[in-house]
Structure formats: structure tokens, C-alpha cells
Amino acid sequence: RPDSCDIDELGEADCDDDDTIDLCAIADGIVPDCNQNEIPDSCDIANGVSNDIDADGVPDECQSDCNGNGQPDEWEIANGLVADCNGNVVPDPCDIATGSENDCDGDDLIDSCAVSDGVVVDCDSNGIPDSCDIDTGDAEDDNANDVPDGCENARGDFDLDGCVGPADLGFL
């Protein structure tokens, strides 16, 4: 806090004309200075020093921007510029990039959302797209039809391995 918070003839800055020296108003918590440049946020925005694309009175550089494009995440989501399928107010590409959500097939969709939205198939309901189960070896696909064998019921496939073979004869 400056030694003197009285407006005097030295011309201390009072950019918002509230009769309080800006440094004092910031130090007293009367006005915010989120970017810590010793200028009230409202003045940064009014003077074009900071952008405020969402017009919420908070400079954009002080809001969450996980992809670093200068636009606050909440604003991008609200305006449909990025998806947030899980509703956590973090753009899906950022969830994927940080590893907080999975995208095993590289389609830029969070796996759990792709499954629940029916974009990909998950026949065994384990929350992982079938293609990923097959690719990782967690599911067999002996007939190479992109359907896990455990999800197929072929006529004569008594052991439900997805293929009719010698082992099925033991069930007869």
C-alpha cells in the first residue's frame, strides 16, 4: 500500500475517476488487478490494454484458456466453438491433451462421450470403443469383422468365442 492514498497535486493515477489512487484502490481490494500490472482491470479493458471478449469485466488473460488461443474456455464452450461433452467446463481437446479423458482411437472425441452418443460401438458396455478393445488386444476378433468375438453369437458357436470351431463340438 502506498504511503499516501490521497489524491494530490503530484498527479497519482486514478484511471477510473473514483477519487482513489489506483494503487491504493488495488491494495485495499476495492478494484481488481488480476494481471498485476498495477492498473485496475476495468481501466485495462477500457483502454484496450486487455481484451474482454465475454464482456464479464475480467480481462481474458486472467481467465482459463487451456488451448492458449486468447479466448476464455467458458466463452468458447458457450459459443459452440469447442465441445465440452462431459460438462466439466474444460474443452474436450484439453481434457484429451492433459490425459484427464481418453481418446483411444484418435478421433478427437472423448471415448465415454463417443460411446454414450452412439458415435462408436461398445458392445460389451465397458466404456471403451470396441475398436480400441480389439487394437489393444483386450478383445479378440478372430474373424476380423471389427466386432469383439465376445459380442458375437454365431449359429453353432456354443462357447461364444465368436467363431464356430472344434471347441463347439464339445457342447453337442
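Here is a short report on the structure shown in this document. Because the structure is predicted, anything quoted here is derived from the model rather than measured. Starting from 1, residues in each chain are numbered consecutively following that chain's sequence as written. In keeping with the model being predicted, local features are shown solely for residues with a pLDDT of at least 70 and side-chain atom pairs are shown and tallied solely at 80 or more, while totals for entire chains, interfaces and linings include all residues. Only hydrogens and water are removed before side-chain values are computed, so all heavy atoms of the structure are retained for them.

1. As for the state of the cysteines
Criterion for a disulfide: a pair of cysteine sulfur atoms within 2.5 Å. Counted according to the given criterion, the structure contains six disulfides. Two residues share a disulfide in this structure: Cys34 and Cys62, whose sulfurs sit 1.8 Å from each other. The S-S bond linking Cys34 to Cys62 shows a torsion near 80 degrees; that makes this disulfide right-handed. Note that Cys34 is positioned in the loop between α1 (22-27) and α2 (41-46) and Cys62 in the loop between α2 and α3 (73-78), a separation of 28 residues in sequence. Look at Cys34 and you get partly exposed, because its relative accessible area is 35%. A disulfide bridge connects Cys104 with Cys132, and the sulfur atoms are separated by 1.8 Å. With the S-S dihedral at roughly 90 degrees, the linkage between Cys104 and Cys132 falls on the right-handed side. With a gap of 28 residues between them, Cys104 in the loop between α4 (92-98) and α5 (111-116) and Cys132 in helix α6 (residues 130-136) connect regions that are remote in the sequence. Here a strand is any run of E in DSSP of at least two residues, a helix any run of H or I of at least four, and the numbering for each starts at the N terminus. Accessibility here uses a 1.4 Å probe with only protein chains present; expressed as a share of the type maximum, an area under 20% marks a residue as buried, one over 50% as exposed, and anything in between as partly exposed.

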